[in-house]
Amino acid sequence: MAAALDEAAGTLLAVWEAARERTTSRLSGAQLRAVMVVEQYDGINLRRLATLTDMLLSSASRLCDRLVAAGMLEREPGRYDRREIALHLTPAATQLLAELRADRRHRLDRILVGMSPEGRAALVRGMREFDEVARRGEAAAAEGWPVLQPSGERIGDPQAEPESPGEPPVARTA
């Protein structure tokens, strides 16, 4: 089962990568991931960004320097500690992420239209369940950090609003 899913996921990953290359050709994968984290956690500090992206603090700092120079991020002194720097997306970064999502969805729509309605429904059901199980596992392993959700939704974050009972989580993409 895992091998079959791995093969099928290759096509999905190819769609993701094609959209990323077309839309965000001027950003590396690490830079795009950092931009997506800052989108989700507006005002995040550099240390937390480094933790959530599994980077060394010095590497995250250099990456942010490049993103500031590229016009994707803005820095401002933290609200509670002026020595701490808060990171925010620029309008250019917000637009870039919107274009990425639109391109990805367009590419997915072109594939999904060839599927039967039953196949599409089964795919969505399966992906939602897969997403839910994966999020539960990540939340347990996150050790106090909220699980990253590209949609901006925070899972495992005490400041996040709880989901409505009985509603399955919606699988969202960045």
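A quick note: this is a predicted structure, and the numbers were derived from the prediction, not measured.

Along the backbone of the chain there are six helices and two strands. In sequence order, the secondary structure elements of the chain are arranged as α-α-α-α-β-β-α-α. Expressed as a percentage of its 174 residues, the buried residues of the chain come to 30%. The contacts of the chain with a sequence gap of at least 6 include a subset with a gap of at least 24, amounting to 54%.

Our next topic: the packing of helix α2 (residues 29–40) against helix α5 (residues 91–112). Remark: α2 packs on α5, axes separated minimally by 11 Å, with the N-to-C direction vectors making an angle of 105°. Considering the angle they form, α2 stands roughly perpendicular to α5. Between α2 and α5, the contacting residues are L32, V35, M36 and E39 on the first element and A93, L97, L100 and R101 on the second. The residue makeup of the contact of α2 with α5, split by class, is six nonpolar, no polar and two charged.

If you trace the backbone, H88 turns up in strand β2 (residues 85–89). A distance of 2.9 Å separates the side chain of H88 from the side chain of E76, its partner in a polar contact. Ignoring anything within four residues of it in the chain, the contact list for H88 reads V38, D42, G43, M72, L73, E74 and E76.

This part is about the pattern of salt bridges. Going through the model one piece at a time under the given rule, you end up with seven salt bridges. Two residues, R101 and E39, come together in a salt bridge whose shortest N-O distance is 2.7 Å. With R101 in helix α5 and E39 in helix α2, this residue pair connects regions lying 62 residues apart in the sequence. We classify E39 as partly exposed; its relative accessible area is 30%.

To continue, consider the confidence of the model for the chain. A low pLDDT means the predicted coordinates there should not be read in detail. Per-residue confidence for the chain gives a mean pLDDT of 81; residues scoring 70 or more make up 78%. Below pLDDT 50 for its whole length, residues 150–174 participates in 43 contacts with residues either more than four positions away or in separate chains.

On to the packing of aromatic side chains. Evaluation of the coordinates by the stated rule reveals zero aromatic pairs. One Lys or Arg, R48, reaches over the ring of Y41 and ends 4.7 Å from the middle of that ring.

Further remarks concern unusual backbone geometry. One non-glycine residue, D54, adopts positive backbone phi at about 55°. Tracing the backbone shows D54 in the loop between α3 (46–52) and α4 (57–69).

Calculation rules
Residues numbered from 1 in each chain as written. Predicted model: local features only at pLDDT ≥ 70, side-chain atom pairs only at ≥ 80, totals over all residues. Heavy atoms only, no water. Helix = DSSP H or I, 4+ residues; strand = E, 2+ residues; numbered from the N terminus. Buried < 20%, exposed > 50% of the residue type's maximum accessible area, 1.4 Å probe, protein only. Contact = heavy atoms within 4.5 Å. Axes fitted to C-alpha atoms, helices over the stretch in contact; angles between N-to-C directions. Parallel < 35°, antiparallel > 145°, perpendicular 65-115°, else oblique. Nonpolar A, V, L, I, M, F, W, Y, C, P; charged D, E, K, R; others polar. Polar contact = N/O pair within 3.5 Å; in protein donor to acceptor, adjacent residues only side chain to side chain. Salt bridge = Lys/Arg side-chain N within 4 Å of Asp/Glu carboxyl O. pLDDT = per-residue confidence, 0-100. Phe/Tyr/Trp six-rings, centres within 6.5 Å; stacked < 30°, edge-to-face > 60°. Lys NZ or Arg CZ within 6 Å of the ring centre and 35° of its normal.

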